[in-house]
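Next come the chains, spelled out residue by residue.
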Amino acid sequence: MPVSAPGAFLSTSRLPRFAVPVIGRTYTRRVTDSEPSPMIPVCSAKGCRATAVWALRWNNPRLHDAQRRKTWLACAEHRQSLGDFLDARGFLRDVAPMDPSPTLDP
């Protein structure tokens, strides 16, 4: 039986179309798909596509330095549930409103 190169059995048709983390993403989406526009922050809650208005800063003290902060973004609806999730694990460090971006000002 011939030996193939590592990874040769993988086919791009088998890979998921969209591979995104469940929680903790800081991806952005376009305001509209029809024309180029600035990117806006999206809530990190699973399945939520709402605009983020809160920044939840956290770290895992077993993995990260005390000064390191990771950020989850939250819409008004998911701010409490994401904060409770992080706080229950002792990870939540700070919650602050999102700073308005100077590039998104009208």
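This section reports on the structure supplied with the text. Source: prediction; values computed, not measured.

Notes on the nonpolar core
Line of reasoning, step 1. Counting residues in hydrophobic clusters, the biggest one holds 11 residues: Cys 43, Ala 45, Cys 48, Leu 56, Trp 58, Trp 72, Ala 74, Cys 75, Leu 82, Leu 86 and Phe 91.
Line of reasoning, step 2. Going through the elements one at a time, β3 (54-58), β4 (70-74) and α1 (79-88) are the ones with two or more residues in this core.

Observations regarding the packing of aromatic side chains
Line of reasoning, step 1. Across all of its chains, the model carries 3 aromatic pairs by this definition.
Line of reasoning, step 2. Taken together through their ring pairs, the aromatic side chains of Trp 58, Trp 72, Phe 85 and Phe 91 make up a single cluster.
Line of reasoning, step 3. Taking NZ or CZ as reference, Arg 79 lies 5.8 Å from the ring centre of Trp 54, over its face.

Quick notes on the environment of Ala 74
Line of reasoning, step 1. Inspection of the secondary structure puts Ala 74 in strand β4.
Line of reasoning, step 2. For Ala 74, a relative accessible area of 0% puts it in the buried group.
Line of reasoning, step 3. In this structure, the C-alpha to C-alpha distance between Ala 74 and Trp 54, residues 20 residues apart in sequence, is 5.0 Å.
Line of reasoning, step 4. Sequence-distant contacts of Ala 74, that is, excluding residues within four places in its chain, are made with Cys 43, Ala 52, Val 53, Trp 54, Leu 56, Arg 79 and Leu 82.

A word on the side chain of His 64
Line of reasoning, step 1. Take His 64: it is sitting in the loop between β3 and β4.
Line of reasoning, step 2. Aside from chain neighbours lying at most four places away, what touches His 64 is Trp 58, Asn 59 and Lys 70.

Structural notes on the state of the cysteines
Line of reasoning, step 1. In the structure shown here, the tally under the stated rule is 0 disulfides.
Line of reasoning, step 2. The thiol sulfur of Cys 75 is not disulfide-bonded, and the nearest other cysteine sulfur, from Cys 43, lies at 3.8 Å.

Digging into the sheet that holds β3
Line of reasoning, step 1. The antiparallel open sheet is built from 3 strands, whose spatial order is β4-β3-β5. Both edges of this open sheet fall to β4 and β5 (92-97), since each of them pairs with a single strand only. Neighbour-to-neighbour, the strand axes of this sheet turn through a mean angle of 25°, independent of strand direction.
Line of reasoning, step 2. Pairing of β3 with β4, which is carried by 5 bridges, proceeds in the antiparallel orientation. If you follow Leu 56 over to β4, its bridge partner there is Trp 72.

Structural notes on the pattern of salt bridges
Line of reasoning, step 1. Under the defined criterion, the tally for this structure stands at 1 salt bridge.
Line of reasoning, step 2. Arg 57 is the salt-bridge partner of Asp 94, the closest N and O atoms lying 3.1 Å from each other. Of this pair, Asp 94 sits in strand β5 while Arg 57 sits in strand β3, and the two are 37 residues apart along the sequence.
Line of reasoning, step 3. Residue classification places Arg 57 among the partly exposed positions, given a relative accessible area of 26%.

Considering α1
Line of reasoning, step 1. Along α1, the residues that are buried comprise Leu 82, Gly 83 and Leu 86. For α1, the buried positions fall inside an angular range of 100° around the axis, keeping them on one side.
Line of reasoning, step 2. Considering only its buried residues, α1 is in contact with β3, β4 and β5.
Line of reasoning, step 3. After α1 finishes, the residue Gly 90 shows a positive phi value of roughly 75°.

Cut-offs and rules
- One numbering rule holds for all chains: residues counted from 1, following each sequence as written.
- The predicted nature of this model means local features are confined to residues of pLDDT at least 70 and side-chain atom pairs, given and counted, to a pLDDT of 80 or more, with totals for whole chains, interfaces and linings taken over all residues.
- By convention in this description, side-chain values take in all heavy atoms of the structure and omit both hydrogens and water.
- In plain words, nonpolar cores are sets of buried Ala, Val, Leu, Ile, Met, Phe, Trp, Tyr and Cys residues tied together by side-chain atoms within 4.5 Å.
- The rule is simple: take the accessible area with a 1.4 Å probe, protein chains only, and divide by the maximum for that residue type; under 20% is buried, over 50% is exposed, in between is partly exposed.
- Put simply, DSSP marks the helices as runs of H or I at least four residues long and the strands as runs of E at least two long, and each gets a number from the N terminus on.
- Pairing of aromatic side chains here covers Phe, Tyr and the six-membered ring of Trp, requires ring centres within 6.5 Å, and sorts the geometry by plane angle: under 30 degrees stacked, over 60 edge-to-face, intermediate tilted.
- Two thresholds decide whether a charge sits over a ring: the Lys NZ or Arg CZ must be within 6 Å of the ring centre and within 35 degrees of the ring normal.
- Whether two residues are in contact is decided by their heavy atoms: any pair within 4.5 Å suffices.
- Counting rule for disulfides: a pair of cysteine sulfur atoms within 2.5 Å.
- Paired strands, as defined in this entry, are two strands with at least two bridges between them according to DSSP.
- Axis definition: a line fit to C-alpha positions, over the contact stretch in the case of helices; interaxial angles, taken between N-to-C directions, run 0 to 180 degrees.
- For this document, the term salt bridge refers to a Lys or Arg side-chain nitrogen within 4 Å of an Asp or Glu carboxyl oxygen.
- What the arc describes is the spread of directions from the helix axis to the C-beta atoms.

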